[in-house]
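One letter stands for each residue in the lines below.
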Amino acid sequence: MPQTEKKLRVAIVFPSGHLYNTPCVPNLALRLAVNGVSVDVYAARNDQTPEGELVHPGLKLVYYPVVQRKGKENVAALSAGFFTWLLLRLRNQQYDFVLACGIRGLFVVGILSGILRIHYVYNSLEIYSGKAYSRGLRKLFKRAEMFFNKRARFSLIQDPKRAELLKTINELGGQDVLLFPNAPFDLSEDSVEDGSKSIRARFGIPETSHLAICSGSLTAQWAGIDKILSATNGFPQNHILFLQSRSTLHSISNTSLRENIDSRKVVLSNSPLSASDYDRLVQESDVGIAWYESDDENIHYVGLSSGKIAHYLKWGRPIIVNRLPVIADFIERYHCGITVDNEHEIGPAFEKICANYEFYSEGSYAAYNAMFDMDPYTHKLIKKMIQDQT
């Protein structure tokens, strides 16, 4: 752990109620606190998203007083209210750095920095690029992101390829871009429920079945849920797919996809699970499925920003993913799953993994330990903040 005579004091700003849907944000706060940094987290709450706990003696969680009631938040209204509330909160505080998480955090903190003269870091959660940001309001949005990103002391992002993209797209020149992967939320022991509350039992899934899970934004076009559902037609009788919605916003109950669900092979959970329950679901599964299909660089180069892939690997669950840069490379390197070129290969890949499970599971643990261990990244971040203090 980096040592310093003066204890660093850091604020993390996340103007969203999706705190536990974005594990790299609470993990960042927790890892900094564990390593001796005093951390205050300013975030919103949303009653349509998973609940979690963020507890450490060196960490304080401060919530925006207006609770969001819809999964799809009113970004303009929330950001404006959050800005005013945070201005009143920060004007009498002294932080060494403010970490602006996500684009909303960047805009709120970027404007505040001109008023309060604070040093900030941009923790980029998404990459905004392409023709969609070359005209109209989106062009102004992009210019604002670039402006505030360039004013940051440095930036954070999830992996080297995404760091390269961020530096190029936002024209950051010599600005340093450090890494912090989107590892699963580091649950405290107190937050994990006892083993009697099996997720399989709750949904009537036989213990003897082979269970593949796919979670996240189920209605997103790039997520390929229709393809994954069609693949279940070739599943053997004892192979089951569990679809877990990220939030009520991403429910597929009102879409045509529901008509394609075979209840004998597919279990659908539209309600978001708590962080501890979702963690248990992953542990009770056998295989994790993820699909990212888009020309959007943010999706195509999802890499270590994929929270679902990281969570599967953490518990030694082999993965099945469509062929993508970065992910295909580490799947081959660590034999932590199988890359598929189309949905018709999902079923056979599932069977192949189950037939040689220990081999793929060992590779999954190895991949997680090599790429998602947060301590080395945290130490480099703390060292950088100590060096950049003025």
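From a predicted model like this one, the values you see are computed outputs, not experimental measurements. (Residues numbered from 1 in each chain as written. Predicted model: local features only at pLDDT ≥ 70, side-chain atom pairs only at ≥ 80, totals over all residues. Heavy atoms only, no water.)

Chemist: What is the right way to read the overall build of the chain from this model?
Modeler: If you tally the helices and strands in the chain, you get 14 helices and 13 strands. In terms of overall size, the chain behaves like a compact globule, its C-alpha atoms giving a radius of gyration of 21 Å where 390 residues would be expected to give roughly 21 Å. With the C-alpha coordinates of the chain rotated into their principal frame, the extents come out at 60 × 45 × 40 Å. Residues classed as buried in the chain amount to 57% of the 390 residues present. Accessible surface for the chain amounts to roughly 17200 Å². Of this, 49% is attributable to carbon and sulfur atoms. (Helix = DSSP H or I, 4+ residues; strand = E, 2+ residues; numbered from the N terminus. Rg over C-alpha atoms; globule rule 2.2 N^0.38 Å. Buried < 20%, exposed > 50% of the residue type's maximum accessible area, 1.4 Å probe, protein only. Areas by Shrake-Rupley, 256 points an atom, 1.4 Å probe, with all protein chains shown as cover.)

Chemist: Looking at this structure, I do not really get helix α12 (residues 346-355). What am I missing?
Modeler: Since the α-helix packs 3.6 residues into each turn, any two residues three or four apart lie on the same face. Where α12 is concerned, the buried positions are I346, G347, A349, F350, I353 and C354. Burial along α12 is one-sided: seen end-on, the buried residues are contained in an arc of 165°. Residues of α12 that are exposed and angled more than 90 degrees away from the buried face: K352 and A355. (Arc of directions from axis to C-beta.)

Chemist: Quick question: what am I supposed to make of the sheet that holds strand β13 (residues 337-340) here?
Modeler: Consider a sheet: its strands pair through backbone hydrogen bonds, and that pairing is either parallel or antiparallel. Reading across from one edge, β10-β9-β8-β11-β12-β13 is the order of the 6 strands in this open sheet, with parallel pairing throughout. Every other strand in the sheet has two partners, leaving β10 (266-269) and β13 as the edge strands with one partner each. Across the sheet, the mean angle separating the axes of adjacent strands is 20° when strand polarity is ignored. Bridge count between strand β8 (residues 210-216) and strand β11 (residues 287-290): 2 bridges; the pairing is parallel. (Pairing = 2+ DSSP bridges. Axes fitted to C-alpha atoms, helices over the stretch in contact; angles between N-to-C directions.)

Chemist: What is the right way to look at the state of the cysteines in this model?
Modeler: Any covalent bond linking the sulfur atoms of two cysteines counts as a disulfide. For the structure on display, the rule yields 0 disulfides. As a non-bridged cysteine, C214 has C354 as the owner of its nearest cysteine sulfur, 16 Å distant. A relative accessible area of 1% means that C214 is categorised as buried. Note on C354: no disulfide assigned, nearest cysteine sulfur contributed by C336 at a separation of 15 Å. (Disulfide = S-S within 2.5 Å.)

The values are spatial; any link to function lies outside them.
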